[in-house]
Amino acid sequence: MDLDSLMLQTLLMRHYYGGNWASFSFSGLLSWIKENQKKDDSSNESAAWKDLISENEEGVPLNKMDQTIQHVEDFCYVDQDSAESVEEAGALPKGPAVVEAVEESTATMKAGNECVLPEDQPAEPKGGETVHNSIAGNDPENTTDKGDAKVDSSKEKLCDSVTSDQEVSEAENKEPSSVTEDAVESREITYSQIVREGRRFNIDLISKLLYSRGLLIDLLIKSNVSRYAEFKNVTRILAFREGKVEQVPCSRADVFNSKQLTMVEKRMLMRFLTFCLEYEQHPDEYQAHKDCRFSDYLKTQKLTPNLQHFILHSIAMVSETNCCTTDGLKATQKFLLCLGRYGNTPFLFPLYGQGEIPQCFCRMCAVFGGIYCLRHPVRCLVVDKETKRCKAIIDHFGQRIIANYFVVEDSYLSEKMCSDVPYRQISRAVLLTDRSILKANSDQQISILTVPPTELGQPAICLIELCSSTMTCMKNTYLVHLTCSAVKTAKEDLEPVVLQLFNASTETENEGVDEGQKPQILWSVYFNMRDSSGIDRTSYANLPSNVYVCSGPDSALGNDCAVKQAEAIFHEMFPSEEFCPPPPNPEDIIYDGDGTQPEDPGFGSSLEAKPDPPPEKHVEENEDQPKE
């Protein structure tokens, strides 16, 4: 099979999209946990592919098992006795095991159809409520609550379709009685209820947020992939100081309405933030301290300890010991520039979880002919001994697939090839709790909290708390993600903070404890994930020149690293092409061959096709045409 640049074929050994960027339902996550705790030894598997390698070729074996996840530990804090016979609502009936060795054409067609967006899109209801039934793999009964944000393809008017924090609060406060009832019900959540409502969960393996002026938002808008996603504003930036969680004022209005700050502190904070917005124009004010730590520079600005803590950990969100003044000012400026674009905080969160983002790109790719094959392992790379270039891959059917370029996720490479790679580790924890870490008038809050390290040399811990309106957890629960750079195992790194903020006792141990205190953990999982970002290709032994390695997620809050890497790999393969151009209208596409046009993929943006010859078709946006 010859693959030119018009055809993308993606072969995945896993049964889900996204690798370590994926998200799971509750039952799916339990299966993922079992797989990574079991770690079957696949060394006895057949090496029949070796017989398919000719004399002038060399076979480079690939990993058969994902080795990027370690130290997986899960815990349940509610009674499980009644959950043994409970089945997930809406789950398909259990049948005989699926035979893996299916015919190639059937597997390819099925995999390709899985990520094609249906042509008939549901109409958007009036009154600000949006319903998005095209989200693959989620319960069709799940609809977004009022205030859900759908990102439009317009570059500057995206904020019109994103509900502000004030509107969210007003919409939620219209039903105070239901909030009270929810608070009562939340104390009686059982494990069987969690299992039964498992399809209401979308639990990310990696937790991130999108900066409203970040590279990923710009890419989603430019490529029109944003039409497949919906977002909500993060509503609160929190701080953890002296054992208490409190909300951080971000915008000018928040600062002057804050009761936590004195009038003098408000003036100090506004003056410093105004300077940070245009610090490049005033080099004299920081040049003498540019190589110092940002935390030391803040002390020279006559800021109170309270303000220094807010700026360092909740606005700049940088390390107290490893961040210089210039980087701290740049991080503060980035935070401030993102304020107000879509809401009172700089961040957006995709409905149904971060795992929706790679699936959105899959959908766009599939509409234009890309093929994704799940459960389709690749056994080896076929390398020409003379040119040292990869000429093909061999899959588990023994089929040879030929291409000019190969993009391989780091976890597929063998231990021999990665023996000198300086990997880092990320510590992750996912908690399911019964209430928020900071009580508010509305229970539909999306919060981010940076917990500073308690000891020197320890990393800060990023905590993201999601409510049920993000479509990531069931009603009356919260999904909490904790992430940091690993020093020890995930449980050792994160458990001290978990115990500070949450009640980790079981139901029997919790009897008599005041329920108004810490949120109760219902279930949790800890695991370590490999961080392969920022690794130079020369670190991989004998990597063919036309094989490009992409990393898994990094530990940063945003997605800039992944976007930069994707663009860099693309331009190495196609230097003269535009990265992720806007898609064309169906009527503007020039077809080759018999002129038969495929079915309308449903695009409505006004775009204009360039007359470049195939196989590398290129389009650019016609800015004179009105947007949808």
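Residues numbered from 1 in each chain as written. Predicted model: local features only at pLDDT ≥ 70, side-chain atom pairs only at ≥ 80, totals over all residues. Heavy atoms only, no water.

## What to know about the overall build of the protein
- Of regular secondary structure, the protein possesses 14 helices and 25 strands.
- Here the protein holds 628 residues, and the buried ones make up 50% of them.
- For the protein, the accessible area works out to roughly 30500 Å², and carbon and sulfur atoms hold 49% of it. (Helix = DSSP H or I, 4+ residues; strand = E, 2+ residues; numbered from the N terminus. Buried < 20%, exposed > 50% of the residue type's maximum accessible area, 1.4 Å probe, protein only. Areas by Shrake-Rupley, 256 points an atom, 1.4 Å probe, with all protein chains shown as cover.)

## Describing the nonpolar core
- Counting 76 residues, the largest nonpolar core has W32, F272, F294, L329, F347, I448 and W523 as the members making the most contacts within it.
- In this view, F347 contacts L209, L210, Y211, K232, N233, V234, I237, M317, F335, I448 and L557; residues no more than four positions away in its chain are not counted.
- Formed by 23 residues, the second largest nonpolar core is a distinct cluster that contains A429, L431, V480 and F502. (Core = buried A, V, L, I, M, F, W, Y, C linked by side-chain atoms within 4.5 Å. Contact = heavy atoms within 4.5 Å.)

## Observations regarding the sheet that holds strand β21 (residues 478-485)
- Strand order in the open sheet made by the eight strands is β5-β22-β18-β21-β20-β19-β10-β11, with mixed pairing throughout. The open sheet has two edge strands with one neighbour each: β5 (69-76) and β11 (244-247). Averaged over all pairs of adjacent strands, the angle between their axes in this sheet comes to 20°, without regard to strand direction.
- Relative to strand β19 (residues 447-451), strand β10 (residues 236-241) runs parallel, the two sharing four bridges. Across the sheet, the residue bridging to L238 is L449, located in β19. (Pairing = 2+ DSSP bridges. Axes fitted to C-alpha atoms, helices over the stretch in contact; angles between N-to-C directions.)

## Remarks on the environment of Y77
- For Y77, the location among the structural elements is in the loop between β5 and α2 (104-114).
- In this structure, the C-alpha to C-alpha distance between Y77 and L432, residues 355 residues apart in sequence, is 10.0 Å.

## Focus on the packing of aromatic side chains
- In this structure the tally under the stated criterion is 17 aromatic pairs.
- Summarising the aromatic geometry, the rings of F26 and Y191 are spaced 6.0 Å apart at their centres and angled 70° between planes, so their arrangement reads as edge-to-face. With F26 in helix α1 (residues 26-38) and Y191 in helix α5 (residues 191-196), the pair connects residues that are 165 residues apart, well separated along the chain.
- With a relative accessible area of 2%, F26 lands in the buried category.
- Between the aromatic rings of F570 and F574, the centroid separation amounts to 5.5 Å while the plane-to-plane angle is 55°, which identifies the pairing as tilted.
- Classification of F574 by relative accessible area gives buried; the value is 14%.
- Positioned over the ring face of Y211 is K334, at 4.1 Å from the centre of the ring.
- Directly above the ring of Y423 sits R530, whose terminal nitrogen or CZ lies 4.1 Å from the centroid. (Phe/Tyr/Trp six-rings, centres within 6.5 Å; stacked < 30°, edge-to-face > 60°. Lys NZ or Arg CZ within 6 Å of the ring centre and 35° of its normal.)

## Some points on the packing of helix α8 (residues 263-277) against helix α11 (residues 325-338)
- Their axes nearest at 8 Å, the elements α8 and α11 cross at an angle of 95°. With respect to α11, the element α8 is oriented roughly perpendicular. Facing F272, L273, F275, C276 and L277 of α8, the residues of α11 in contact are L329, T332, Q333, L336 and L337.
- Here the residues of the contact of α8 with α11 are counted per class, giving eight nonpolar, two polar and no charged. (Parallel < 35°, antiparallel > 145°, perpendicular 65-115°, else oblique. Nonpolar A, V, L, I, M, F, W, Y, C, P; charged D, E, K, R; others polar.)

## A look at the pairing of strand β14 (residues 378-384)
- Burial runs high along β14: seven of the seven residues are buried.
- Pairing analysis gives five bridges linking strand β4 (residues 57-61) to β14, with the strands arranged antiparallel. Bridge pairing in β14 places P61 opposite C380.
- Here five bridges tie β14 to strand β15 (residues 390-395), and the two strands are oriented antiparallel to one another. Within β15, the residue paired with V383 across the bridge is C390.
- In sequence, β14 turns back onto β15 through a hairpin of five residues, with K388 there showing a positive phi of about 60°.

## Quick word on the environment of F406
- Checked against the element boundaries, F406 lands in strand β17 (residues 406-409).
- Sequence separation of F406 and C390 is 16 residues, and the distance between their C-alpha atoms is 7.8 Å.
- Residues contacting F406, with those up to four places away along its chain left out, are C390, K391, A392, I393, I401, N546, V547 and Y548.

## Some words on the state of the cysteines
- All told, the structure shown has zero disulfides when counted by the stated rule.
- Free of any disulfide, C380 has its nearest cysteine sulfur in C390, 8.6 Å distant. (Disulfide = S-S within 2.5 Å.)

## A few points about helix α6 (residues 215-223)
- Looking only at α6, the buried set comprises L216, I217, L219, L220, I221 and S223.
- Within two residues after α6, N224 carries a phi angle of roughly 70°, on the positive side.

## Structural notes on helix α10 (residues 305-315)
- α10 sits mainly inside the fold: ten of its eleven residues count as buried.
- If you follow the buried residues of α10, they end up packed against β10, β11, α8, α9 (294-299), α11 and β19.
- M317 sits one or two residues past α10 and shows a positive phi near 55°.

## Regarding the pairing of β15
- With five of six residues buried, β15 lies mostly within the body of the structure.
- Here β15 runs beside strand β16 (residues 400-403); their pairing, made up of three bridges, is antiparallel. Along β16, the bridge assignment pairs I394 with R400.
- Linking two consecutive strands that pair antiparallel, namely β15 and β16, is a turn of four residues; a positive phi of about 85° is found at G398 within it.

## Considering the pattern of salt bridges
- Per the counting criterion, the structure on display carries 16 salt bridges.
- Note that E578 and K222 form a salt bridge whose closest N and O atoms lie 3.4 Å from each other. Taken as a pair, E578 in the loop between α14 (560-573) and β24 (607-609) and K222 in helix α6 lie far apart in primary sequence, 356 residues in all.
- Since its relative accessible area comes to 26%, E578 is described here as partly exposed.
- Taking the relative accessible area as the measure of exposure, K222 reaches 26% and is therefore partly exposed. (Salt bridge = Lys/Arg side-chain N within 4 Å of Asp/Glu carboxyl O.)

## Focus: unusual backbone geometry
- Its identity is not glycine, yet R375 carries a phi of approximately 50°, on the positive side.
- Position of R375 among the secondary structure elements: in the loop between β13 (371-373) and β14.
- The exposure class assigned to R375 is exposed, which follows from its relative accessible area of 56%.
- Its identity is not glycine, yet N476 carries a phi of approximately 70°, on the positive side.
- By the element assignment, N476 lies in the loop between β20 (461-466) and β21.

## Focus on the confidence of the model for the protein
- The predicted model of the protein averages 79 in pLDDT, with 72% of residues at 70 or higher.
- pLDDT under 50 marks residues 163-186. Its contacts with residues more than four places away, or in other chains, come to 26 contacts.
- Here residues 600-628 is a poorly scored stretch, pLDDT under 50, and it has 69 contacts once near neighbours within four places are set aside; other chains count. (pLDDT = per-residue confidence, 0-100.)

## Some details on the packing of α6 against α14
- Contact geometry for α6 and α14: axes closest at 8 Å, N-to-C directions at 55°. Regarding the angle of α6 to α14, the classification is oblique. Every residue of α14 that contacts α6 at L215, L216 and L219 is listed here: D560, V563 and K564.

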